[in-house]
Amino acid sequence: MLHVSKLIPQGAGLAAALLKRASTVELDWDVRQKSRFEATDSTSRQLGVFLPRGTVARGGDVLVAHDGSLIMVWAAPQAVLKITHDAAHGTPFDLIRAAYHLGNRHVPIELKPDHLKIEPDHVLADMLRAMHLVVTEVTEPFEPENGAYATGGHFGGHHHGHEHDHDHSHDHVHTPPPATAAPHVHGPGCGHDH
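Cut-offs used in this document
Residues numbered from 1 in each chain as written. Predicted model: local features only at pLDDT ≥ 70, side-chain atom pairs only at ≥ 80, totals over all residues. Heavy atoms only, no water. Axes fitted to C-alpha atoms, helices over the stretch in contact; angles between N-to-C directions. Helix = DSSP H or I, 4+ residues; strand = E, 2+ residues; numbered from the N terminus. Parallel < 35°, antiparallel > 145°, perpendicular 65-115°, else oblique. Left-handed = near helix turned anticlockwise from the far one by under 90°. Contact = heavy atoms within 4.5 Å. Pairing = 2+ DSSP bridges. Core = buried A, V, L, I, M, F, W, Y, C linked by side-chain atoms within 4.5 Å. Buried < 20%, exposed > 50% of the residue type's maximum accessible area, 1.4 Å probe, protein only.

Enquirer: So what's going on with the packing of helix α3 (residues 93–104) against helix α4 (residues 122–130)? Which residues, and what values?
Expert: Contact geometry for α3 and α4: axes closest at 11 Å, N-to-C directions at 150°. Taken together, the axis directions place α3 and α4 in an arrangement best described as roughly antiparallel. As for the relative orientation of α3 and α4, their crossing is right-handed in sense. In contact with Ala98, His101 and Leu102 of α3, α4 contributes Leu124, Met127 and Leu128.

Enquirer: Tell me about the sheet that holds strand β4 (residues 46–50), residues and numbers included.
Expert: Here six strands make up an open sheet; going across it, the order is β2-β6-β5-β1-β4-β3 and the pairing mixed. Since the sheet does not close on itself, it has two edges, and those belong to β2 (23–27) and β3 (36–40), each with one partner. Adjacent strand axes in the sheet meet at a mean angle of 35° when their direction is disregarded. By the bridge criterion, three bridges tie strand β5 (residues 62–65) to strand β6 (residues 70–75) in an arrangement that is antiparallel. Within β6, the position partnered with valine 64 by the bridge is leucine 70.

Enquirer: Got a sec to walk through the sheet that holds strand β8 (residues 109–111)? Specific residues and values, please.
Expert: Spatially, four strands are ordered β8-β9-β7-β10 in an open sheet, and the strand pairing comes out antiparallel. At either margin of the open sheet sits one strand with a lone partner, and together these are β8 and β10 (133–140). Here the strands of the sheet are splayed against their neighbours by 25° on average, with no regard to which way each runs. With three bridges joining them, strand β7 (residues 78–85) and strand β9 (residues 116–118) adopt antiparallel strand pairing. When the sheet's bridge partners are listed, lysine 82 is paired in β9 with lysine 117. Against the sheet, α3 contacts β7, β8, β9 and β10, and its axis sits at roughly 30° relative to β9. Sitting on the sheet, α4 touches β7, β9 and β10, and the angle it makes with β10 is about 140°.

Enquirer: Explain the nonpolar core to me, and be specific about the residues and the numbers.
Expert: If you look at the biggest cluster of nonpolar residues, it comprises 16 residues, and the most contacted ones within it are Ile83, Leu102, Leu116, Ile118, Leu128 and Leu133. Those residues within four positions of leucine 133 in sequence are excluded, and the remaining contacts are Ile83, Thr84, His85, Asp94, Leu95, Ala98 and Leu128.

Right under this line is the structure:
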């Protein structure tokens, strides 16, 4: 088994010639969001993948094996619900409303200008149809948003070289800064023990 413990987001910095020679591995969303899994690449090699916790593999990312070989990740087609607006009974704005309601339920969602995609869920499908949206079962690659505070350096499928290290809780209170007091001058007669 070939051990893999490194991922290069979108193959950043790798020469096109190296990427052309890389083997490939097709993985569905359920596997790509795991940091530890086994898979078989396009050359029939067994891969044991051990990525840092919280790492999500996206289509176009490159796995690096311990022997230095490169494996390009492809998002495998899988069952998803494709959501579009109903031109006869609504507007494209209905997709924004749907994304809002799905986001409130923390549903993994792929956002496109003219449609949304989610994993199959009959309850959510009924809710969306009640909102006058068209819900179709299809088999396509699924690349949901990571969210603004996702770990692993990916945001919306792109890598940004910075880390977030601050509170993201929803119950913090913003208080205005304290009013600035008049400057205190120290000197004779100020009343402080110097």
